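Report on the structure
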Amino acid sequence: MAFGHLVLIPRSTSSIATTAASCWKSKKFADNYYANSYGRRALWQSDRNLTKDHSIKTSLQHNISKLHYNPIERGSRCNKIEKTYLTNASSSAQSHESEPEVHESPKALESIKKGLVMFLQFCRLYAFLGMIPAGLSSSLLAVDNFSEISPLLFLKGVLQYIVTFFFTSQFVMGVNQLSDVEIDKINKPDLPLASGEYSFTSGVILVTSFLLAGFGVAWMLGSQPLIWSVVVTAALMGAYSVNFPLLRWKRSIILTSLSNAIAMLASFHIGPFLHMKTFVLKKAATLPRSMILGCVVIGLFYTIITLTKDLGDVEGDKAAGLKTLPIRLGVKPVFWLCVSLIQMAYGIAITMGALSPVLWSKIVTVVAHAFMVFYVWNHALNSVDLSSKDSLHSFHLFMFKLVTVEGILIQFVR
């Protein structure tokens, strides 16, 4: 039926020319419409579009040479050509527009991943995570009888302590990095401040935010033990790190050991114990025998942690003019001094265990600490390379494991 309107008498040359002119006007309209709507998006694909234009023009000329339809069919054919041209142009522009979004997505994910890694390196969470068991152990020592506290209430008290000292611990790590940027460029060049990934101003903002958050959480809770623990820890570690008159205590071996040991005991032992005892349980602050032993033994461990931290930092500390014990005496003598102090701490624990009036407590405390004496001695002889910074740093992290084990053992002291 479509061919029912065909005219048998051939058209004149002028009629064919009129048809061609009409189609070419439609083509020009399509070109203008495409240029106005998608010109900006398709400029970078001009070569490809020119090829398409040539193909379309060839197709139009081929169709014109075959036009023997009436005016109604002629208009219909030109409209179809216009719609096809515009549809192809639109789909081509949209496909090229989506390509940059696909390429930008992996870059955004990579940027987020890099930012997270830098933040974790700045926080150095290993120290905080290593101290959570110590705080949990001290909280357990505050409970005389588990029938007097529900698991939910105990968990709530522990979480209050963890959140508070998460921020406080990050303040301690951050203020030390701010004060030791030049030293860390030698000892720990991968840290964000030392590598230049974080500006000094960004570091100050982060450190200040951590301190305010830690103090703010303790203040909102209303726990006096947590408030004073945050104040003592921030004051001592600030004095240890910042380079102000009468401060920068890391220049002194004695002040370094005392400030670090007291700050860590306040943060991870005395603070959590008193928080659970007086704030959560609403009981008088009395120290059991196990808590006293824990403070003595683990206090010595914290002093040792301070010394082992400097074993792998001799090069940078020398450049900064610091006189740490490894610089004064040498790495090997200080390393074996640390091992001897560990053995002395275990000797104190064995003595107190042997004096316990409870038989099972006496046996467990003496046997367990005697085993730890041999274990640490064997580790020091066979697993530490004194010429390797990585090995010395590994021994420093090993001390946090000993703190965790001791936190478990003191639960058996009676």
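Residues numbered from 1 in each chain as written. Predicted model: local features only at pLDDT ≥ 70, side-chain atom pairs only at ≥ 80, totals over all residues. Heavy atoms only, no water.

The next point concerns a nonpolar patch on the surface. A grouping of Phe215, Trp219, Trp228 and Val231 is seen on the molecular surface, where their side chains present a nonpolar patch of about 450 Å² in accessible area. Of all the secondary structure elements, the ones that give two or more residues to the nonpolar patch are helix H8 (200-221) and helix H9 (224-241). Tracing the chain through its elements places Phe215 in helix H8. (Patch = residues over 30% accessible without salt bridge, like charges linked within 9 Å, V, L, I, M, F, W, Y side chains within 5 Å. Areas by Shrake-Rupley, 256 points an atom, 1.4 Å probe, with all protein chains shown as cover. Salt bridge = Lys/Arg side-chain N within 4 Å of Asp/Glu carboxyl O. Helix = DSSP H or I, 4+ residues; strand = E, 2+ residues; numbered from the N terminus.)

Glancing now at the packing of helix H5 (residues 151-179) against H9. Remark: H5 packs on H9, axes separated minimally by 9 Å, with the N-to-C direction vectors making an angle of 10°. It follows that H5 is roughly parallel to H9 by the angle criterion. Here H5 contributes Gln160, Tyr161, Thr164, Phe165, Thr168, Phe171, Val172, Val175, Asn176 and Ser179 to the contact with H9, which in turn contributes Leu226, Ser229, Val230, Thr233, Ala234, Met237, Tyr240 and Ser241. Taken together, the residues of the contact of H5 with H9 break down into 10 nonpolar, 8 polar and no charged. (Axes fitted to C-alpha atoms, helices over the stretch in contact; angles between N-to-C directions. Parallel < 35°, antiparallel > 145°, perpendicular 65-115°, else oblique. Contact = heavy atoms within 4.5 Å. Nonpolar A, V, L, I, M, F, W, Y, C, P; charged D, E, K, R; others polar.)

Residues Met131, Met276, Phe301, Tyr302, Ile342, Leu402 and Val403 are the most contacted members of the largest nonpolar core, which totals 64 residues. Listing elements by their share of this core, those giving two or more residues are helix H4 (125-141), H5, H9, helix H10 (253-280), helix H11 (289-309), helix H14 (331-354), helix H15 (359-382) and helix H16 (389-409). Here this core spans two domains, since at least three of its residues come from each of domain 1 (113-286) and domain 2 (288-413). By size, the runner-up hydrophobic cluster in this structure holds 18 residues, among which are Met118, Phe122, Cys123 and Val172. (Core = buried A, V, L, I, M, F, W, Y, C linked by side-chain atoms within 4.5 Å. Buried < 20%, exposed > 50% of the residue type's maximum accessible area, 1.4 Å probe, protein only. Domains from an automatic or database assignment.)

Time to look at the confidence of the model for the protein. Of the residues in the protein, 75% reach a pLDDT of 70 or more, and the chain-wide mean stands at 77. Across residues 1-53, confidence stays below pLDDT 50; counting only partners more than four residues off in sequence or on other chains, it has 42 contacts. Every residue in residues 62-78 is under pLDDT 50, and counting partners more than four places away or in other chains gives 20 contacts. (pLDDT = per-residue confidence, 0-100.)

This part is about the packing of H5 against H10. The N-to-C vectors of H5 and H10 enclose an angle of 140°; their axes lie 10 Å apart at closest approach. In terms of their interaxial angle, H5 and H10 are classed as oblique. Seen from above, H5 lies across H10 with right-handed handedness. Of the residues in H10, those in contact with Leu153, Phe154, Gly157, Val158, Gln160, Tyr161 and Phe165 of H5 are Ala266, Ser267, Phe268, Pro272, His275, Met276, Phe279 and Val280. (Left-handed = near helix turned anticlockwise from the far one by under 90°.)

What characterises a pair of aromatic rings is the spacing of the ring centres plus the angle enclosed by the ring planes. Counted under the stated rule, the structure contains 14 aromatic pairs. An angle of 80° between the planes, with centres 5.6 Å apart, marks the rings of Phe301 and Tyr346 as edge-to-face. With a gap of 45 residues between them, Phe301 in helix H11 and Tyr346 in helix H14 connect regions that are remote in the sequence. With 6.3 Å between their ring centres and 15° between their planes, Phe371 and Tyr375 make a pair best called stacked. One end of the pair, Phe371, and the other, Tyr375, are both in helix H15, 4 residues apart, so they sit about a helical turn from each other. Here Phe371 falls in the exposed class, since its relative accessible area comes to 54%. One aromatic cluster is present, formed by Phe335, Trp336, Phe371, Tyr375, Trp377, Phe395 and Phe398 through successive ring pairs. (Phe/Tyr/Trp six-rings, centres within 6.5 Å; stacked < 30°, edge-to-face > 60°.)

Take the side chain of Asn260 next. Structurally, the position occupied by Asn260 is in helix H10. In terms of polar contacts, Asn260 uses its side chain to reach the backbone carbonyl oxygen of Thr256, at 2.8 Å. (Polar contact = N/O pair within 3.5 Å; in protein donor to acceptor, adjacent residues only side chain to side chain.)

On to the pattern of salt bridges, then. Across all of its chains, the model carries 7 salt bridges by this definition. Across the pair Lys283 and Asp144 runs a salt bridge whose closest N-O atoms are separated by 3.0 Å. Of the two residues, Lys283 is situated in the loop between H10 and H11 and Asp144 in the loop between H4 and H5; the sequence distance between them amounts to 139 residues. Its salt-bridge partner being Asp180, residue Arg248 comes within 2.9 Å of it at the nearest N-O pair. You can see Arg248 sitting in the loop between H9 and H10 and its partner Asp180 sitting in the loop between H5 and helix H6 (181-187), a full 68 residues away along the chain. Classification of Arg248 by relative accessible area gives buried; the value is 7%. The exposure class of Asp180 is buried, given its relative accessible area of 5%. Because the salt bridges share partners, they merge into one network encompassing Asp144, Lys277 and Lys283.

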